[in-house]
Amino acid sequence: MTDPQQQPPVDKLEHLFENNRRWAAQVESHRPGFFSSLRAQQNPRYMWIGCSDSRVPANQITGLDPGEIFVHRNVANVVVPSDLNCLSTIQYAVDQLKVQHLLVVGHYGCGGVQAALFNQRAGLVDNWLRHVRDVLDRHQHRMDRVPEERKLDALCELNAIEQVVRVSQTTVVVDAWSRGQDLTLHGWVYGISDGLAHDMDMTVRSTEEVRAARTRAIARWESQYCE
């Protein structure tokens, strides 16, 4: 039996608290009253649905302050009709916060998309990535025309486009549009290697626009990837 007195000390992550205190002091120094104003209200114009990848921070990428963008993240930025976590976040953002722009943001080199593309087993997450496989299956005839070295980036873009379609089909968004609420959906992909966000030309403002927007986005995608 291990002697409790011989156990290594617990790492209480004091360096992270130090980082936090330093950051808070710097922000308050440059913008006095910033945190007290955040406490008073949350009024973002934007919602971000992105990948859980730690290299893709929504606020920094968009240059927005805390309180200016409402964020939901999961593996491979997937929107699933049965995912109450994601749907509840969308509902709160749309119905309560009245966001005007909802962005679905993938990123190049996504590990989840890569696992789906190459059928790499990773455990429980394989069930989640089945939704990315569905995107691949739907566009297999197009992906077959993409050069091998570009397939991962190509599928990352297709996934972002198709997840915008899924957001547009949620009851929350359909109801918001039906009552005339100002809400625009966007599909982006972020480049980790250069820090730049790329517009997939998948921008939708009503149920009636979804099909045409998807057709336009796919046509643009084909012009870039298909030989």
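About the criteria used
Residues numbered from 1 in each chain as written. Predicted model: local features only at pLDDT ≥ 70, side-chain atom pairs only at ≥ 80, totals over all residues. Heavy atoms only, no water. Axes fitted to C-alpha atoms, helices over the stretch in contact; angles between N-to-C directions. Helix = DSSP H or I, 4+ residues; strand = E, 2+ residues; numbered from the N terminus. Parallel < 35°, antiparallel > 145°, perpendicular 65-115°, else oblique. Left-handed = near helix turned anticlockwise from the far one by under 90°. Contact = heavy atoms within 4.5 Å. Nonpolar A, V, L, I, M, F, W, Y, C, P; charged D, E, K, R; others polar. Pairing = 2+ DSSP bridges. Buried < 20%, exposed > 50% of the residue type's maximum accessible area, 1.4 Å probe, protein only.

1. Digging into the packing of helix 4 (residues 84–96) against helix 9 (residues 171–178)
Here helix 4 crosses helix 9 at 20°, and the two axes come no closer than 9 Å. The orientation of helix 4 relative to helix 9 falls into the category roughly parallel. The handedness of the crossing between helix 4 and helix 9 is right-handed. Residues Leu87, Ile90, Gln91, Val94 and Asp95 of helix 4 touch helix 9, and the partners they reach there are Val172, Val173 and Ala176. Across the contact of helix 4 with helix 9, the residue classes tally to 6 nonpolar, 1 polar and 1 charged.

2. Overview of the environment of Arg45
Locating Arg45 in the fold gives a position in the loop between helix 2 (34–40) and strand 1 (46–51). Spatially, the C-alpha atom of Arg45 lies 9.3 Å from that of Gly67, the residues being 22 residues apart in sequence. Beyond its immediate stretch of four places on either side in the chain, Arg45 contacts Glu68, Val99, Gln100 and His101.

3. Remarks on the sheet that holds strand 3 (residues 101–107)
Read from one edge to the other, the open sheet built from 5 strands follows the order 2-1-3-4-5, with strand pairing classed as mixed. With partners counted over all chains shown, the strands left at the sheet margins are strand 2 (69–74) and strand 5 (197–204), one partner each. For this sheet, the mean angle separating the axes of adjacent strands, direction not counted, is 20°. With 5 bridges joining them, strand 1 and strand 3 adopt parallel strand pairing. When the sheet's bridge partners are listed, Gly50 is paired in strand 3 with Val105. Sheet contacts for helix 4: strand 1, strand 2 and strand 3; angle to strand 2, the most-contacted strand, approximately 170°.

4. Side note on the pairing of strand 4 (residues 184–190)
Across the 7 residues of strand 4, 6 count as buried, placing the element largely inside the fold. With 7 bridges joining them, strand 3 and strand 4 adopt parallel strand pairing. Paired with Leu103 across the strands is His186, a residue of strand 4. The pairing of strand 4 with strand 5 spans 6 bridges and is antiparallel. Considered in strand 5, the bridge of Gly187 is made with Met202. The loop that links strand 4 with its antiparallel partner strand 5 comprises 6 residues; one of these, Gly195, has a positive phi angle of about 75°.

Shape descriptors only; they carry no functional weight alone.
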